[in-house]
Amino acid sequence: MRLDKYLKVARIIKRRTVANDACDAGKVAVNGKVARASYDVKEGDVVEITLGEKTIKFKVTSVKEVVKKEEAATMYEYVN
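Definitions and limits used
- Residues numbered from 1 in each chain as written.
- Predicted model: local features only at pLDDT ≥ 70, side-chain atom pairs only at ≥ 80, totals over all residues.
- Heavy atoms only, no water.
- Helix = DSSP H or I, 4+ residues; strand = E, 2+ residues; numbered from the N terminus.
- Rg over C-alpha atoms; globule rule 2.2 N^0.38 Å.
- Buried < 20%, exposed > 50% of the residue type's maximum accessible area, 1.4 Å probe, protein only.
- Arc of directions from axis to C-beta.
- Contact = heavy atoms within 4.5 Å.

**Side note on the overall build of the protein chain**
Along the backbone of the protein chain there are two helices and five strands. From first element to last, N terminus to C terminus, the protein chain shows the α and β order α-α-β-β-β-β-β. For the protein chain, the C-alpha radius of gyration of 11 Å lies close to 12 Å, the compact-globule estimate for 80 residues. Across its three principal directions, the C-alpha atoms of the protein chain cover 30 × 25 × 25 Å.

**A short note on the environment of Lys14**
Of note, Lys14 is situated in the loop between helix 1 (3-9) and helix 2 (16-24). Between the alpha carbons of Lys14 and Ala29 there is a distance of 18 Å; along the sequence they are 15 residues apart.

**Some details on helix 2**
Because each turn of an α-helix spans 3.6 residues, side chains separated by three or four positions end up pointing in the same direction. Listed as buried for helix 2 are Ala19, Ala22 and Cys23. On an axial view of helix 2, the arc spanned by its buried residues comes to 100°, and they lie on one face. The exposed residues of helix 2 that point more than 90 degrees off its buried face are Thr17, Asp21 and Asp24. Where helix 2 is buried, its residues meet helix 1, strand 1 (28-30) and strand 3 (46-51). Phi turns positive one or two residues past the end of helix 2, at Gly26, with a value near 80°.

Below, the structure is given as C-alpha cells:
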C-alpha cells in the first residue's frame, strides 16, 4: 500500500492530500530515509513524521486496505 494511503487509512493524517504534501515536503521518513508518497509500506517499517515542532515515530504492525475507525490504532505502535 502507498505511504500516503496508509497514513490516511491508519488515521495518522486526516486527509490523503495532506499526507501526500507532507511526503513531498520531505517531512516523512521510513527506516531513516526520506520517503515519497508512492513508497510501498510493509509490516515492520519504522515511520517518522515531523509536523511543525511535533515528531511522531511509529512501527507498522499491519497493512489493511479498509479498517474501521476503532481498529485503526491497531495498524501501528508508537516507538520512542
